[in-house]
Amino acid sequence: MILTDEEKRMLDSSCGEGMRRAMEIIVTLAKTYDADRLIKISSAHLGATFKSHGIEGLEWVEELVEQGARCDLDQVLVTLNPRSFDNDHWREIGFEEQAVANQERLDRCYHRLGTIPVYSCVHYLLGNLPKRNDHFSWSGSSGQVLANSVLGAMGNREGVWANVAAAITGRTPEYGLHLKENRRGQVLVTTEDLDLSKFSAVDYATLGYFVGREINDQIPVFSGLPKHLTMEQVRGLAYSLPVAGAVPMFHVLGVTPEARTFEEAFGGEEPNRKLVVGAQDLKTVYDLLNTTQRGEVDLICFGCPHCTVTELREVASLLQGKRISENVRLWLCTSRWMKDLATHLGYREVIERAGGYILSDICAGPSAPFNYLKKGISVVATNSVKTAFYAPGTSKVDVLFGDTKKCIEAAIRGKWGN
Ligand code: F3S
């Protein structure tokens, strides 16, 4: 493997022990993946829940910081994924004082490392927006799939330690999706008997979930989708594809930047497989994700990935002049910046007057807020396939999965369905 003179200096302690250890991880990763060289990244996004680090992970990052490791924001924009709790509501969601202390210790550590605490998985809406052909190292899967597919930026799904090391060194091994030849489409996906003109963001997430489950880690090329997808619709596809599978990116023929033509999308080769998705297939997703027939709902939880301001507006308009059932909690997870916008635009007032909360900075997925509720939550309704997929396993709750309107109607009535 070829290292530049600067990279060799990073590896021989000339740039400090913290840098040396971070570089050692990057070089080990490069050897593991048979990479010929390292490449510079312009964007990093780091996991920030204490839960994903544990005490060993926290102490490891602290040690790096003590040994002088720092991010250089002039070279790499480094932001943080959601943390474990919301500053305003942590007691109500059952978060314990020791867990708060651990999370705050991790927050301080990442502050000293020099990261930007957006605490959101829609960081691409908050300024961390790599351009086409930029290389990045991001934690989490939902943003990474979107950046590869829709922005045409290049990055792999990596673990916490590889992300931190990349953020410090500004380097990542050249392998996987950093190489053009690994980005070609493999499976042609078309639809039948689906009215795509009426497809909501939740419908796209259902489609993505089904396709991911079918094709596992291959790259799909969707043909026949509308040219003008909204951010929420395209994000619905992006976040759901890796939920039941390990799809790293996707193309939409005639829409996404590396799929202007059929030849470009498939790199001049024929698809390995053709998959036709119909209404019955999407119905099976609802059947799979709904784990109970019981009508009662304890919690409605949205925001995996974090709600956009458009989604908060939709919820506010459904709740205008209404009140949610006294037995139901409604939590909308987002970034503090979206919450500020929602406050400014009056959506927060409508939502809170109806009895709901906008929670900020918090992860609504596997580290979800209902994990912390020790009692009283046995059925969670959600419009997120990711929450629906993970919640039964991580939180031992039943799940009701449906579109935004159906969930909000359940919040008001205190019951699911008619
Ligand atoms: Fe975001 Fe946490 Fe879901 S990081 S995508 S809310 S799992």
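This section reports on the structure supplied with the text.

Each value, and the rule that gives it
Residues numbered from 1 in each chain as written. Predicted model: local features only at pLDDT ≥ 70, side-chain atom pairs only at ≥ 80, totals over all residues. Heavy atoms only, no water. Pairing = 2+ DSSP bridges. Helix = DSSP H or I, 4+ residues; strand = E, 2+ residues; numbered from the N terminus. Axes fitted to C-alpha atoms, helices over the stretch in contact; angles between N-to-C directions. Contact = heavy atoms within 4.5 Å. Near = heavy atom within 4 Å. 1 Å grid on protein atoms, 1.4 Å probe; cavity = no way out; pocket = protein on both sides within 12 Å on 5 of 7 lines; lining within 4 Å. Sits in = over half its atoms within 2 Å of the grid points. Nonpolar A, V, L, I, M, F, W, Y, C, P; charged D, E, K, R; others polar.

## Observations regarding the sheet that holds strand S10 (residues 299-302)
To summarise the sheet geometry, strands pair through backbone hydrogen bonds and adopt either a parallel or an antiparallel arrangement.
Thought 1: Judged by pairing direction, the sheet is parallel, and its 5 strands sit side by side in the order S12-S11-S10-S13-S14 without closing on themselves. A single partner strand is all that each edge strand has here, and the edge strands are strand S12 (357-360) and strand S14 (398-401). The average angle at which neighbouring strand axes cross in this sheet is 25 degrees, direction not considered.
Thought 2: For strand S11 (residues 329-334) and S12, the ladder comprises 4 bridges, and the chain directions are parallel.

## A look at the sheet that holds strand S6 (residues 187-191)
Thought 1: Judged by pairing direction, the sheet is parallel, and its 4 strands sit side by side in the order S8-S7-S6-S9 without closing on themselves. Each edge of the open sheet is held by one strand with a lone partner, namely strand S8 (251-252) and strand S9 (273-277).
Thought 2: As paired elements, S6 and S9 share 5 bridges and run parallel to each other. Looking at the pairing, Leu-188 lines up with Lys-274 of S9.
Thought 3: Helix H7 (residues 201-215) contacts S6, strand S7 (220-222) and S9 of the sheet and is inclined by roughly 145 degrees relative to S9.

## What about the pairing of strand S3 (residues 77-80)?
Thought 1: Both strand S2 (residues 43-46) and S3 contribute to a ladder of 4 bridges, which runs parallel. Across the sheet, Ser-43 pairs through a bridge with Leu-77, a residue of S3.

## With respect to the site of the ligand
Thought 1: What surrounds the ligand is the set Asn-81, Pro-82, Cys-121, Ser-142, Gly-303, Cys-304, Pro-305, Cys-363, Ala-364, Gly-365, Pro-366 and Lys-386.
Thought 2: More than half of the atoms belonging to the ligand lie within 2 Å of the grid points that define the largest pocket.
Thought 3: Of the residues in the shell around the ligand, the class split is 7 nonpolar, 4 polar and 1 charged.

From the geometry alone we can't say anything about function, so treat these as descriptive.
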